[in-house]
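# Summary of structural features
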Amino acid sequence: MVFYLYTIENISPLIGNPMKKIIRAFVLFTFCLGSVLQPVFAQDGFFQKNQDKEKSIETRFLESVDYDRFKVHLQELTKNPHIAGTPENELVQQYMKKIMEDAGMDVKLYPYDVYLPNDPGKSELEIVSPIQMKLSQQEKVLEEDPFSADDRLHLGFNAYSGSGDVTAEVVYANYGRREDFQKLEEMGIDLKGKVVIARYGGNFRGFKAKFAEQHGAIGLVVYTDPKDNGYTKGEVYPNGPYYNETTIQRGSMLTLDWTGDPLTPYEPALPLDGPTQVERLDPSDVAFHSIPVTPIGYGAAEEILSRMEGQPVPEEWQGGLPFDYKIEGGKDLKVRVMVDQPVNFIRANNVIGTFKGSKYPDEWIILGSHFDAWSFGATDPNSGTAMLLTLAEALGKLVKEGIQPERSILIGHWDAEEQGVIGSTEWVEHLRDELSAKAVAYMNFDGGVSGRNFGASAAPTLKKLIIDASQEVMYPDSAKTVFEVWAGNNEEPGIGNLGGGSDHIAFYMHVGVPSLSGGAGGTTAYHSNYDNFNYYSRFVDPSFKMGGAVAQLFGLVTLRMANAEIIPYDVPRYAQDLKGHFEQAVKNVQTISPDFKEFDQVNQALVKLEQSSTAYKESIDKALSSGNLSDDKIKIINQQLINLEKSWIDPKGMYYGDWYKSLYVCNDPFSGYASWILPGIQYEVAINRTEKLEEWDERYAEAILDLSSKIDEIQKMF
């Protein structure tokens, strides 16, 4: 203010004295008003009297994050290709264990023997007529990228492909989505005995194989089209970040009615040589894909697609290669697909580090990322791993200074994710009851620093925590906060809903632990042999600063959940989000039943939930302001808060797979990745079934009323 007054006093040549007095008075008024209205540090869940203490802890934490350590960790983690079950992956495990122990964490390994392929075995792809041509199944070695010459790198392969040797005519199926195969059926295209070629995108790759097999195909070839990631987007690797003609996306094809180890649904795949034995399914009784599947780059795909002579594709099916795409290859074009893929038991080890809570050790804040990779894993997953190690070291500095979190903070590094989200699922099944009672939240960071575009998806109760923390952290190489860059011109940044495809699934959809996924993303060399340190340093984040920023942001989220007197869930957000979700659900149902009006029981339940939420908010604000709650009451309240999300866990589960228990959220069972909010209703719409809508009205109303009742019980404690 002194500066502004000094400036006003020295601009008298420019303005008259009366005007100068008016401006001076205005500045004084504005400053005084600002002093009154200036927002003080205020975090949800903390007694007002403890706000300054928490602010001091958070300031010390932000200072403790060493941005340079992210690069050190990433370089060490990605020295070798490290697919699950290999000695190289064990080296990564050992490195993480040492870093966390050095940070002061208590570290424990959780071993499981899981049934998976971690080697392509033998695989061939060739055109056999009208010419003979073997097609490339591996990325080319680049002079600009010494990592690409590593002789331990595998051919492109899809885990849980069927094994077989087939030769047949070819049909193009666009993205291989459910609707794409339905379109082919409408067009009268017979897939029986054919090899399907489909581009990546639009759904989880495993469903491309599932739908192809269901329609009678005997083989599948998948590729990344340059329209989706390639030269139509910009410069290709090594000159730019996009896929070159040989870049291959690897990935699992597993599509079962549960997540995790395919032989032990609902139970942990405990070691075969351990003291406790679990019953395993016979592999012959599991619905693995039987057709051979292989992934290729768009250069190899061009050799097939350019020789096809059938009818033109629908306009929206046209890809980016320089010719008109055709549906069928014709009788003269035949392709051979051969896959002989071994599947065996491998030892997967989850690495779990813990900072024990000083006051509430049995309330757990859990962060995690998997660490196994298809190749070097620089973006996916080990940018997340490196960030979590950086975060662990920063928290460790505080603990060594005597600043211990009040709740326990666990950091989990999951194994065998790439073959089917296996390691984390086995741990959740192993500790199901304990997690149900103790887990406050799970935060997932699979590939958590894969670019410079910040984003997040979360359960309703966790969204505000992320937004609040984003206002406290500076966006690297700018004068703006992460919030300002993230929100752009919007008043508030958008936060998505969690779908499938990573390690939050078992926590959120099977047990009911509020979960989030966050970090920074961008264009990557996803699941290819080029996902290495060279690629990362050139195209993902050359300054290596995003890792530190993400660690700071989610470190704040972690500390606020760990130290708050009352777990800082945004309880009213349930009612807010549900209102919009059910409005959309009605519109969805009307696409199959135009006369449908409302979910009447749900509407009544939502009114009750909104009333309960409003009363809760008023009561908790008063209680935190007064700070009069006893320790015993606080403990009871927090246990009840942990139980809120369990209102969505229905023992009956979903009709498409009862392993998926959450009525609130599930990954789309027809695409694998998309988020299905209110999945019970979404499924009825997807299969065009109306007779169970009344049942879902009852089940959802019951869950909402249960949630409302729990909130009422908590509110009475204040």
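So, a few notes on the structure that sits alongside this text. All figures in this text were calculated on a predicted structure; none of them were measured in a lab.

As a further point, take the pairing of strand 14 (residues 407-414). In terms of burial, strand 14 is largely enclosed, as 8 of its 8 residues are buried. Pairing of strand 12 (residues 344-355) with strand 14, which is carried by 5 bridges, proceeds in the antiparallel orientation. Bridge assignment links Ile352 to a residue of strand 14, and that residue is Gly412. One ladder, built from 8 bridges, connects strand 13 (residues 360-370) with strand 14; its direction is parallel. For Ile366, the partnering residue across the bridge sits in strand 14 and is Leu410. Running through helix 9 (residues 382-400), the crossover from strand 13 to the neighbouring parallel element strand 14 is right-handed.

Here the focus is the pattern of salt bridges. By the definition in use, this model includes 41 salt bridges. What emerges from the salt-bridge pattern is a single network uniting Glu124, Glu126, Lys134, Asp165 and Arg336.

Take the pairing of strand 12 next. Consecutive residues of a regular strand have side chains that alternate between opposite faces of the sheet. Of the pairings in the sheet, the one linking strand 1 (residues 106-116) to strand 12 comprises 11 bridges and is antiparallel in character. The residue of strand 12 that forms the bridge with Asp106 is Thr354.

By secondary structure assignment, the location of Lys463 is in helix 12 (residues 463-470). A polar side-chain atom of Lys463 sits 3.0 Å from a polar atom in the side chain of Asp577. Ignoring anything within four residues of it in the chain, the contact list for Lys463 reads Ala458, Ile495, Gly496, Asn497, Arg573 and Asp577.

The strand order across the open sheet formed by 7 strands is 1-12-14-13-15-17-16, and the pairing between neighbours is mixed. With partners counted over all chains shown, the strands left at the sheet margins are strand 1 and strand 16 (453-458), one partner each. Sheet twist, expressed as the mean angle between neighbouring strand axes with direction ignored, is 20°. Helix 10 (residues 422-430) contacts strand 1, strand 12, strand 13 and strand 14 of the sheet and is inclined by roughly 110° relative to strand 1.

Take the packing of aromatic side chains next. All told, the structure shown has 42 aromatic pairs when counted by the stated rule. A centroid spacing of 6.2 Å and a plane angle of 40° characterise the contact between Tyr115 and Phe288, whose relative ring orientation is tilted. With Tyr115 in strand 1 and Phe288 in the loop between strand 9 (251-252) and strand 10 (293-296), this pair connects stretches of sequence that are 173 residues apart. Owing to a relative accessible area of 23%, Phe288 belongs among the partly exposed residues under this scheme. One Lys or Arg, Arg199, reaches over the ring of Tyr175 and ends 4.0 Å from the middle of that ring. Residue placement shows Arg689 over the ring face of Tyr655; its charged tip is 5.3 Å from the ring centre.

Reading the values: the criteria
Residues numbered from 1 in each chain as written. Predicted model: local features only at pLDDT ≥ 70, side-chain atom pairs only at ≥ 80, totals over all residues. Heavy atoms only, no water. Buried < 20%, exposed > 50% of the residue type's maximum accessible area, 1.4 Å probe, protein only. Helix = DSSP H or I, 4+ residues; strand = E, 2+ residues; numbered from the N terminus. Pairing = 2+ DSSP bridges. Right-handed = clockwise from strand over helix to strand, strands pointing away. Salt bridge = Lys/Arg side-chain N within 4 Å of Asp/Glu carboxyl O. Polar contact = N/O pair within 3.5 Å; in protein donor to acceptor, adjacent residues only side chain to side chain. Contact = heavy atoms within 4.5 Å. Axes fitted to C-alpha atoms, helices over the stretch in contact; angles between N-to-C directions. Phe/Tyr/Trp six-rings, centres within 6.5 Å; stacked < 30°, edge-to-face > 60°. Lys NZ or Arg CZ within 6 Å of the ring centre and 35° of its normal.

Note that all results are geometric; they support no functional claim without further evidence.
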